[in-house]
Each structure stands twice: as structure tokens, then as C-alpha cells.
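Single-letter residue listing:
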Amino acid sequence: MAETNKEEVASAFVNHYYHLFDNDRSSLSSIYNPTSLLSFEGQKIYGVENISNKLKQLPFDQCHHLISTVDSQPSSMAGGCGGILVFVSGSLQLHGEDHPLRFSQMFHLIPGIQGSFFVQNEMFRLNYG
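Reading guide: rules and limits
- Residues numbered from 1 in each chain as written.
- Predicted model: local features only at pLDDT ≥ 70, side-chain atom pairs only at ≥ 80, totals over all residues.
- Heavy atoms only, no water.
- Buried < 20%, exposed > 50% of the residue type's maximum accessible area, 1.4 Å probe, protein only.
- Helix = DSSP H or I, 4+ residues; strand = E, 2+ residues; numbered from the N terminus.
- Pairing = 2+ DSSP bridges.
- 1 Å grid on protein atoms, 1.4 Å probe; cavity = no way out; pocket = protein on both sides within 12 Å on 5 of 7 lines; lining within 4 Å.
- Points joined across faces, edges and corners; volume = space filled by probe spheres on them.
- Nonpolar A, V, L, I, M, F, W, Y, C, P; charged D, E, K, R; others polar.

Engineer: Got a sec to walk through the pairing of strand E1 (residues 32–40)? Specific residues and values, please.
Structural biologist: Taken across its 9 residues, E1 has 7 buried, putting it largely inside the fold. When E1 meets strand E6 (residues 117–127), the two strands line up parallel, connected through 5 bridges. If you follow Ser39 over to E6, its bridge partner there is Met123.

Have a look at this one:
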């Protein structure tokens, strides 16, 4: 896959992910697989069900992500699978709060069937200070 194509995939993924997170968080389970790993503020969470439960149990129902930057690069694993690393920075505005929270998030996307991608690895951190 050409680098431009990978950047387009990364951009489309970011738009899709944050739209689902902000509007229908339970639908995010479709982008993970049984071997997926989420590191959320240092806590490691394995597999679709556990990741989905973590995201649904966050202590807020409504939020809005404002994306500042998206960086992506091709990744190669054994056999050159054509994965994509995606790094996102932005702000998270919680309903009823005056000040947004800054965050950084990384995704490792791996090709699935019929041109789709799933999240193999994900890391999320709030940025304090």
C-alpha cells in the first residue's frame, strides 16, 4: 500500500474512531480483536470484551474530542503485514466542564480481511501540566 494511501487510511480511522467514541462508544468493540491490547493511563487491558468494558465504564457519558495533530507511518511486522502506526494529540471536552483535557493516543492498525484494519495496540494518556 502506498504511503499516501496509508495516510488516508490513518486519517479516515481517526475520524471514525473519535466519532464512535463521542457518539456510540459501545460500537468501538468492532475495531478490536481478541489479541488487542489497550494501555490506558498505564493500565493494560487485553482483548475485545475487556477493552469494550473499560471504555463503556469511563466516568463520563458525553464528551467531544478536538483533534490537533495526526501523524502516521507504515509499520512492518513479520512478513511485512502492512500495518500503520497512528499518533494523535488533541483535547477532550467533557460535558459540563469548562476546561478541556489534553491527551495523546497511539494506535497500531493491522490489516484484516477485505481491506479493513483492526487495532492491535493502543495507548492513551492525559497530558498534565
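Moving on from the model shown.
Engineer: Describe unusual backbone geometry, with residues and values.
Structural biologist: Positioned with a positive phi, Glu41 is a non-glycine residue whose angle comes to about 55°. Looking at the element boundaries, Glu41 is found in the loop between E1 and strand E2 (43–46). Overall, the relative accessible area of 29% leaves Glu41 in the partly exposed class. Here the phi dihedral of Gln114 falls at roughly 50°; this positive angle occurs in a residue that is not glycine. Tracing the chain through its elements places Gln114 in the loop between strand E5 (101–111) and E6.

Engineer: Tell me about the layout of surface pockets, residues and numbers included.
Structural biologist: There is about 180 Å³ of room inside the largest pocket. Lining of the largest pocket is provided by 17 residues; of these, Phe40, Leu58, Phe60, Leu92 and Phe124 occupy positions nearest its centre. Looking at the lining of the largest pocket, the elements that each hand over two or more residues are helix H1 (3–23), E1, strand E4 (83–94), E5 and E6. For the lining of the largest pocket, the element with the highest residue contribution is E6, accounting for 3 residues. By residue class, the composition of the lining of the largest pocket is 13 nonpolar, 2 polar and 2 charged.

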